[in-house]
Amino acid sequence: MEVIHSWSAPRSLSTSLMYSFSQRDDIEILDEPLYANFLKICGFNRPYREQLLQEMESDGNKVVTDIIYGPGNNKYRFCKHISKQRVLGLPEDLMKKGKHFILIRNPLDILPSFDKVVSPSFFELGLLELLHIYNELSESGKPPPVIDAEELQKDPEATLRGLCDDLEIPFQPSMLSWEAGPKPIDGLWAPWWYNTVHKSTGFKEQKKYPKPFPFALYDLLEQTLPLYNMLRRHVKKKSSLLSSPLPPPDLPVPANEKLLAWVGDEIVTRENAKVSVFDSVAQGGDSVWEGLRVYNKKIFKLEEHLDRMFDSAKALAFENVPTRNEIKEAIFKTLIRNGMFDNAHVRLSLTRGKKVTSGMSPALNLYGCTLIVLAEWKPPVYDNEHGIVLVTATTRRNSPNNLDSKIHHNNLLNNILAKVESNNAKADDAIMLDKDGFVSETNATNIFIVKKGRVLTPHADYCLPGITRATVMDLVVKEQFILEERRISLSEVHCADEVWTTGTMGELSPVSTLYLPKFCLNYATDMIYFSVVKVDGRTIGDGKVGPVTKKLQASFKKLTEESGVPIQDDFEN
């Protein structure tokens, strides 16, 4: 006879699920067979303790050997277990034999439903033990199916069919309903705990709006909700109310599925890399940021990026800003923890911090700034060999009269609107003009053109004076090309001999005719420039990466190999 083990926390619809399985014609039921052993070992008091110890086997070894895995007359035996009842000293066969699954329920729903028989506590909920059970079974090579009580209420048939498939047993429609009232399979504790379920005849859909949460239990909720969420990640189907109905997307770089990020003052996993809903970046995009690139155990232009971050934070009147050394230490620790010493990119953000209540005023920010270090494996995001395609956006670049682009802030809606236009045109990026119709930059990068051997770039009045832009301007002079910083009309771009863009994320990118990258991602960064080979349907030059672009790309590559701040593995304040 095959034994099926159901593990859950109390008040998780486990009795309803037991009644569901009891309707099958091929099964027998055991309601919490380990309960008496649990009370004897742990010494907890219950109104029915003495009766239970007299009438129910309390020797854990005998329960497992003679009752749970004893002989029977049906094909299956269903054992309903509460996780906390798995105490030390039970035979190993309990977990090694049979088929196991886990039933979970949100502590927001469990805690208010606790009866007066037992006061809720971290131990009584047993969510930590439930997580131990999942990990133990997974490490043995048999990860158990996990179902959520919310899904069971929302769509009983689909959830039960899925569970039966996972358990490799046939689904029976009789599992969807039962008669009201007490059952012969009930444990003797039923009069204290089963009053509500005795009124049921099936899985009743949860009310759309719950009752107010008893905030006297708030601390317990904080302790247990993360455990529930960890188990909930393993549920095959999740409520569309709480998670996206879309399938998990493929990552451009699969290695980034498991990474560590710095948030606030600690390193956390990707899934837990989150800021508070009270943080200024969530309240109003009130944050500054920098893009850093790592080459051969060195961070290129780190000091210059930190200079700009501190200037931006000062311009926005941030207070309680971390020191330069504190930010460096967070960057180094994050890169070292991830083992990222080359071909990596860091999105460094500094928000005004968390607010005491939602609102616009910086006077509400009393916790200090929030530092975020997001390091990813990320090769250049554009094709620097063949070039990229640009279109001109109708969205104009911000004027310094409205929002000074020299502040490297996170409020990027102006750029995003231009990027939407380039996506719709199936181009890589969009050229943005200033209020007078002159070229400013792209939605993500600075822009250069070459005409008759002269290198031209727009004034940094309406655009960010990029660090890669400045680096390339120095290289232009070093390579003895003529450099002009002036207003550039769109027709000059269309008629240019060469066009490239600069940014950390993509380096130096030519603008081209034939190539469109699979992932049209967009980042303002400092790498080499991208050659632009086509703008608004006009082929730039002969449609290939030009000689000036190639020469400067080579110079930039050499510079990144020779300079940068080494990643310190023994940082000193």
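Below you will find a few notes about this structure. Note that the structure is predicted; figures quoted are calculated from it, not measured.

## A look at the sheet that holds strand 7 (residues 266–269)
Spatially, seven strands are ordered 7-6-11-10-8-9-22 in an open sheet, and the strand pairing comes out antiparallel. This sheet does not close on itself; its edge strands, each paired only once, are strand 7 and strand 22 (565–566). When strand 10 (residues 344–351) meets strand 11 (residues 370–377), the two strands line up antiparallel, connected through eight bridges. The residue of strand 11 that forms the bridge with Leu-350 is Leu-371. This element, helix 14 (residues 302–315), spans strand 8 (287–295), strand 9 (298–299), strand 10 and strand 22 of the sheet and lies at about 175° to strand 8. Packing of helix 15 (residues 324–338) onto the sheet brings it into contact with strand 6 (260–263), strand 7, strand 8, strand 9, strand 10, strand 11 and strand 22, and relative to strand 11 it is tilted by some 35°.

## Quick notes on unusual backbone geometry
Phi is positive for Glu-32, close to 50°, though the residue is something other than glycine. Along the chain, Glu-32 falls in the loop between strand 2 (27–31) and helix 2 (35–42). Look at Glu-32 and you get buried, because its relative accessible area is 6%. A positive phi angle, close to 65°, is found at Lys-297, a residue other than glycine. Relative to the helices and strands, Lys-297 is located in the loop between strand 8 and strand 9.

## Brief notes about the packing of helix 8 (residues 127–139) against helix 12 (residues 218–232)
Packing of helix 8 against helix 12 brings their axes to within 9 Å, and their N-to-C directions diverge by 25°. As far as their axial angle goes, helix 12 and helix 8 are roughly parallel. Between helix 8 and helix 12 the crossing geometry is left-handed. In this structure, helix 8 uses Leu-127, Leu-128, Leu-130, Leu-131 and Tyr-134 to contact helix 12, whose residues at the interface are Thr-224, Leu-227, Met-230 and Leu-231. Classifying every residue of the contact of helix 8 with helix 12 gives eight nonpolar, one polar and no charged.

## Points about the environment of Gly-202
Within the secondary structure, Gly-202 is located in the loop between helix 11 (190–193) and helix 12. Under the relative-accessibility criterion, Gly-202 is labelled buried at 16%. With 90 residues separating them along the chain, Gly-202 and Leu-292 place their C-alpha atoms 57 Å apart. Residues contacting Gly-202, with those up to four places away along its chain left out, are Leu-176, Ser-177 and Trp-178.

## A closer look at the packing of helix 17 (residues 467–478) against helix 19 (residues 547–562)
The N-to-C vectors of helix 17 and helix 19 enclose an angle of 115°; their axes lie 10 Å apart at closest approach. Classified by the angle their axes make, helix 17 and helix 19 are roughly perpendicular. By crossing handedness, the relation of helix 17 to helix 19 is classed as right-handed. Taken together, the residues of helix 19 that come into contact with helix 17 (itself represented by Thr-468, Thr-471, Val-472, Leu-475 and Val-476) are Leu-552, Ser-555, Phe-556 and Leu-559. Of the residues belonging to the contact of helix 17 with helix 19, the class tally is six nonpolar, three polar and no charged.

## Side note on helix 12
For helix 12, built from 15 residues, the straight-helix expectation of 21 Å at 1.5 Å per residue is met to within 8% by its first-to-last C-alpha distance of 20 Å. Along helix 12, the helix axis deviates most sharply at Thr-224, where the bend reaches about 30°; the proline Pro-226 sits within four residues downstream. Taken residue by residue, helix 12 has Leu-220, Leu-221, Thr-224, Leu-227, Tyr-228, Leu-231 and Arg-232 as its buried positions. Residues of helix 12 that are buried in the fold lie against strand 4 (99–104), helix 6 (107–113), helix 7 (122–125), helix 8 and strand 5 (146–148).

## Some points on a nonpolar patch on the surface
Taken together, Val-356, Leu-366 and Tyr-367 make up a surface patch of nonpolar side chains, about 330 Å² in accessible area. If you trace the backbone, Leu-366 turns up in the loop between strand 10 and strand 11.

## Re the nonpolar core
Ranked by size, the top nonpolar core spans 72 residues in total, and within it Leu-17, Phe-21, Tyr-35 and Ile-68 carry the most contacts. Per-element accounting of this core gives the leading share, six residues, to helix 8. Sequence-distant contacts of Tyr-35, defined by excluding residues within four places in its chain, comprise Arg-46, Tyr-48, Leu-52, Met-56, Gln-85, Trp-189 and Trp-193. Among the nonpolar cores identified, the runner-up in size contains 26 residues, and Ala-330, Phe-332, Leu-350 and Val-565 belong to it.

## So, the sheet that holds strand 2
Taken in spatial order, the five strands line up as 2-3-1-4-5 in an open sheet, and their pairing is parallel. The open sheet has two edge strands, strand 2 and strand 5, and neither has a second partner. If you compare each strand with its neighbour and ignore which way they point, the axes differ by 25° on average. Where strand 1 (residues 2–8) and strand 4 come together, five bridges link them in parallel fashion. Its bridge partner lying in strand 4, Ser-6 is registered against Phe-101.

What counts and what doesn't
- Residues numbered from 1 in each chain as written.
- Predicted model: local features only at pLDDT ≥ 70, side-chain atom pairs only at ≥ 80, totals over all residues.
- Heavy atoms only, no water.
- Pairing = 2+ DSSP bridges.
- Helix = DSSP H or I, 4+ residues; strand = E, 2+ residues; numbered from the N terminus.
- Contact = heavy atoms within 4.5 Å.
- Axes fitted to C-alpha atoms, helices over the stretch in contact; angles between N-to-C directions.
- Buried < 20%, exposed > 50% of the residue type's maximum accessible area, 1.4 Å probe, protein only.
- Parallel < 35°, antiparallel > 145°, perpendicular 65-115°, else oblique.
- Left-handed = near helix turned anticlockwise from the far one by under 90°.
- Nonpolar A, V, L, I, M, F, W, Y, C, P; charged D, E, K, R; others polar.
- Expected span 1.5 Å × (residues − 1).
- Bend = angle between axes of the 7 residues up to and from the residue.
- Patch = residues over 30% accessible without salt bridge, like charges linked within 9 Å, V, L, I, M, F, W, Y side chains within 5 Å.
- Areas by Shrake-Rupley, 256 points an atom, 1.4 Å probe, with all protein chains shown as cover.
- Salt bridge = Lys/Arg side-chain N within 4 Å of Asp/Glu carboxyl O.
- Core = buried A, V, L, I, M, F, W, Y, C linked by side-chain atoms within 4.5 Å.

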